[in-house]
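Structural overview for review
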Amino acid sequence: MKPILLKFCRICIALCFFIPFVLFFCDFAGILPKKIQLLMSVQLTPAILSGSLVTIALLLILTLLFGRIYCAVLCPLGVLQDIIARIRTIGNRKQVKKRRYRYSRPQNVLRYLLLGLCIVLLLFGILVPVLMLDPYSNFGRITTNLFRPVVIFGNNLLNELATKAGNYSFYHVTIYTVTAVSFLSALFVFLVVAIMALFRGRLFCNTICPAGSLLGLVSRYSLFRITVDHDRCNNCHLCERVCKSQCIDSKSGAVDGSRCVTCFNCLSRCSHRAIDYRFTPRLKPQPAPPSGTQNLSSDKAQSLQQGRRTFLLTGATIAMAIPAIPTTALTKSTIDDSKLKPITPPGSKSLLRFKEKCTGCHLCVTHCPQQILKPADFAFGFDYFLKPHLVYDHAYCNYECTVCSEVCPNGAIVPFTESDTKQTTQVGVAKFTAERCVVPNRSTDCGACSEHCPTQAVHMIPYRDGLRIPQVTPELCIGCGGCEYICPVRPLKAINVVANEVHQAAHLPTEEETEQPTEIEDFGF
Amino acid sequence: MKRRDFFRLGAAAAVTATLDFDQLQAALTSNKMVVEAIPDMVAVMGGEPAVMLDEALKTLGGISKFVKKGQTVVIKPNIGWDKKPDFAANTNPELVGALVKQCLAAGAKKVTIFDHTCDNWQKCYASSGIEKIAKESGASIVPANDEVYYKSVSLPQGVKLKSAKIHQALLEADVWFNVPVLKNHGGAKMSIAMKNYMGIVWDRGFFHDNDLQQCIADICTWNKKPALNIVDAYRCMRKHGPQGRSISDTSLLKSLIVSPDIVASDVASIKLFNQVEKMDVGEVGCVAHGERLKLGTQDIDKLSIKRIKI
């Protein structure tokens, strides 16, 4: 195959994944088919967390055969970095000819330390570091919190213009799901990734990303690999300059297979076909290019530079893992402070299970038609940071709706079945506080809570002076939050849903046999 | 032009300007003969929704009495819930479709339908069957799910509710029809024509927090009154309203009550309802509040009512 074709194919396939990926995350109107979700399920971290051994095996075999194809075409964050790096060369052809990338030593200590840390903590059930570094869920959060609002803003502008002309084809969307914390943390990650990509290509993938490091361990031994033919090479260094992984040492002709993301840029640059992608099985990895750690003592200046670099990168990583953003509450809380457990989405089974499965990619957040799934801040602890929970401040969970379980890429939210239905899944129970209720306090009718209750778990019973007051039948309550959403009492609402740490089965409302006449003969007046 | 002619013309113009044709028209329509011909209320029973609507409108002098050529019309059904038509949680779609066709036949420039739904608006519009029939019959069904669509209006006669944000489609309309479904209601006791007004406003929380029944009456004092209140009692929700739990909560009454008097419409509807489920008119507070605010009369025996059985 011609070298330029390889690169062309890589770009095409990458876009075939990347574009639907972005569109699916930005699709606020639910236009696109939910099956696009399958693209997300081939992502490495979701596959690991959901225990999809087949997907993991396929990805590892792919890497062992062809190198880090995953990083080149499947990983949306990788493609995003390529796009960002490409921006630098747009409209400046001379820049390409100038020295753009230089070979750099692998940050092996850092990358394998991070990978090891992630794996060890994962085995202990601590997901936070993985999820903060995972490329897929970071990309999801960036798209959800940064790109999607821009799309919605555009829609709202169009809607405003159309409405003025009397056209109601569009509709206004107010975003409720982007919180200050989720926005700032996504922005922070985006800036870190973007700056790294602009100046150092795929540095993120080769030092910080645990998926990249894991695949790098495999791609060292990959059967197809980039190799330099010393007889043909005229030492022009062009391949090194276009290598965004900075893994080609054109002086020695060594290519670091663990960092190569098979972008094939080098191939299309080389006019002598001295560098090629060919079947080169190797039991041992190529004699490693002088690693930063080995040469540290020999050159003091270099060691200083290396140390600083490692320090900076470690700093950036740590900062990314624990975004130090103040969790300032923007809106007044309408729920009781004693409610400290998050309400997890219906289908997530239990808080513990959800914590272990959810990658916090925010795909469910973007697809919830009611916008009640919101990313958490630190209120529920570090291990729930940025994971979605149900918030009933402006809407509630639709009785029939199961969208979140349909889009979840790794089974953190399990799709419902005929025997295990959404309508009988109790994610929490409504708790009524009579002292705060409108009916006794103002002696007026209200009943908004009962009105919105799909199961009549919240129903009205006689109170006094012809007034009626809510009462809760817990067995019927599914915790949808209809009552909490509509309760007019402030600052604290008179009815709140208290989370079930383990979801329970609710009774289906029974249908009563009717005694009243259901048909009539006369008007009655 | 001679000076004399100029003065004459000026004088004639001045006289013409002082003539008030509105009053003349009002005098004509309140003419005793017209009152005798057209009843205050029409109640129809025993037909399909479209047939009953035709009968009622015919009795009231035809749709062209209410909708003039080139006017924009809003139809405000109850589409509050994500429920199929058989649950009677929303207005019957066939009734809405028939009304759209009538309006367009009368030469309406545009017919718009909306409701500020309780459940997700897109699901409500779809499940109720109203979105489909609106499109088929040539009306546009518009979103009402966001505060941007609402503009503030003042309600000088309101007791508790002094102003409210009302949907812009309704503010811009020349004429509108209030088309509720007859329902039992856990909070407001009954949901009929007056309660249906809650779907034209944005901030319903205020209603619940500040004497629901009074606020319902207050919002009905808004100076743009519906041309007609068309109460869909084809299938009514007998209990567990406003959502209902199953079809067994409904009764097939095959009736339609139409009147420009909103209080009388509600009272007549409650009397009809009482044949399948007991409900004291006195319990539905907004009706008495409405009468006090001069929105209509509770004493429907004094009205001329045309009863039609098909």
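These numbers were taken from a predicted model, which means no experiment stands behind them.

Topic: the confidence of the model for chain A
Residue and element names in this part refer to chain A. Averaged over chain A, the pLDDT score is 85; the fraction of residues at 70 or greater is 86%. Here helix α16 (residues 300–321) stands out as the element of chain A with the lowest mean pLDDT, 52, in contrast to strand β6 (residues 388–390), whose mean of 96 is the highest. Low pLDDT, under 50, characterises residues 287–301; the stretch is placed with eleven contacts to residues that sit more than four places away or in other chains. Here residues 321–331 is a poorly scored stretch, pLDDT under 50, and it has 13 contacts once near neighbours within four places are set aside; other chains count.

Observations regarding the side chain of N410 of chain A
All names here are of chain A. By the secondary structure assignment, N410 is in the loop between α19 (403–407) and β7 (425–432). Judged by relative accessible area, N410 falls into the buried class, the value being 5%. Residues within four places of N410 in sequence aside, it is in contact with P46, L49, S50, K357 and T359.

Topic: the pattern of salt bridges
Counting across every chain of the model gives 23 salt bridges over all chains. The partner of R10 of chain A in a salt bridge is D82 of chain A, with the nearest N and O atoms 3.6 Å apart. With R10 of chain A in helix α1 (residues 3–26) and D82 of chain A in helix α6 (residues 76–87), this pair connects stretches of sequence that are 72 residues apart. Assessed through its relative accessible area of 9%, R10 of chain A is described here as buried. Residue classification places D82 of chain A among the buried positions, given a relative accessible area of 13%. Between K189 of chain B and D445 of chain A there is a salt bridge, and its shortest N-O distance comes to 3.1 Å. Of this pair, K189 of chain B sits in strand β9 (residues 189–191) while D445 of chain A sits in the loop between α20 (438–442) and α21 (448–452), each in a different chain. With respect to burial, K189 of chain B and D445 of chain A carry one shared label: buried.

As for the interface of chain A and chain B
Listed per partner, the contact involves 47 residues of chain A and 60 residues of chain B. Taken together, both faces of the contact between chain A and chain B bury some 4,600 Å²; the carbon and sulfur share is 49%. The largest share of the area that chain A buries against chain B comes from Y168, F523 and F525 of chain A, three residues that together contribute 20% of it. Joining chain A to chain B, the criterion identifies three salt bridges. Note that R442 of chain A and D209 of chain B form a salt bridge whose closest N and O atoms lie 3.7 Å from each other. Run the count over chain A and chain B and you get 20 residue pairs in polar contact (both at pLDDT 80 or more). The greatest single-element share of the side of chain A that touches chain B, amounting to three residues, is contributed by α21 of chain A. A per-class count over the side of chain A that touches chain B returns 19 nonpolar, 18 polar and ten charged.

Focus on the environment of V497 of chain A
In this fold, V497 of chain A is placed in strand β10 (residues 495–505). With relative accessibility at 1%, the residue V497 of chain A sits in the buried group.

Brief notes about the nonpolar core
Soluble globular proteins tend to bury their nonpolar side chains together. Residues M40, Y70, L77, L363, Y392, V458 and I495 of chain A are the most contacted members of the largest nonpolar core, which totals 109 residues. Not counting chain neighbours up to four residues away, the residues in contact with I495 of chain A comprise A430, K431, F432, C449, V458, V472, C483, E484 and C487 of chain A. Counting residues in each nonpolar core, the second largest holds 108 residues, with V175, A264, A268 and C286 of chain B among its members.

Examining empty space enclosed by the protein
A full pass over the atoms with the stated rule returns 13 cavities of 30 Å³ or more. In this model, the largest cavity occupies a volume close to 200 Å³. Residue lining of the largest cavity: 20 residues in total, with E451 of chain A together with N78, C118, K195 and R204 of chain B positioned closest to the centre. When contributions to the lining of the largest cavity are tallied by element, the ones reaching two or more residues are α21 of chain A together with β8 (181–185) of chain B.

Observations regarding helix α13 (residues 210–219) of chain A
Extensive coverage of α13 of chain A is indicated by the burial of eight of its ten residues. Turning to α13 of chain A, its buried residues are P210, A211, G212, S213, L215, G216, V218 and S219 of chain A.

Notes on the pairing of strand β3 (residues 110–113) of chain B
Residues and elements named next belong to chain B. Note that strand β2 (residues 72–77) and β3 share four bridges and pair parallel. Across the sheet, the residue bridging to V74 is T112, located in β3. Two strands pair when backbone bridges link them, and β3 and strand β4 (residues 140–141) are joined in this way by two bridges, in the parallel orientation. The partner of T112 across the bridge, within β4, is S140.

Quick notes on the packing of α1 of chain A against helix α10 (residues 135–164) of chain A
Residue and element names in this part refer to chain A. Their axes nearest at 8 Å, the elements α1 and α10 cross at an angle of 60 degrees. The orientation of α1 with respect to α10, classified from their angle, is oblique. The element α1 and its partner α10 pack so that their crossing is right-handed. Between α1, through F18, F21, V22, F25 and C26, and α10, the contact on the second element is made entirely by Y136, F139, G140, T143, T144, F147, R148 and V151. Across the contact of α1 with α10, the residue classes tally to nine nonpolar, three polar and one charged.

Rules and cut-offs
Residues numbered from 1 in each chain as written. Chains lettered and ligands numbered in written order. Predicted model: local features only at pLDDT ≥ 70, side-chain atom pairs only at ≥ 80, totals over all residues. Heavy atoms only, no water. pLDDT = per-residue confidence, 0-100. Helix = DSSP H or I, 4+ residues; strand = E, 2+ residues; numbered from the N terminus. Contact = heavy atoms within 4.5 Å. Buried < 20%, exposed > 50% of the residue type's maximum accessible area, 1.4 Å probe, protein only. Salt bridge = Lys/Arg side-chain N within 4 Å of Asp/Glu carboxyl O. Buried area = accessible area lost by both parts, 1.4 Å probe. Polar contact = N/O pair within 3.5 Å; in protein donor to acceptor, adjacent residues only side chain to side chain. Nonpolar A, V, L, I, M, F, W, Y, C, P; charged D, E, K, R; others polar. Core = buried A, V, L, I, M, F, W, Y, C linked by side-chain atoms within 4.5 Å. 1 Å grid on protein atoms, 1.4 Å probe; cavity = no way out; pocket = protein on both sides within 12 Å on 5 of 7 lines; lining within 4 Å. Points joined across faces, edges and corners; volume = space filled by probe spheres on them. Pairing = 2+ DSSP bridges. Axes fitted to C-alpha atoms, helices over the stretch in contact; angles between N-to-C directions. Parallel < 35°, antiparallel > 145°, perpendicular 65-115°, else oblique. Left-handed = near helix turned anticlockwise from the far one by under 90°.

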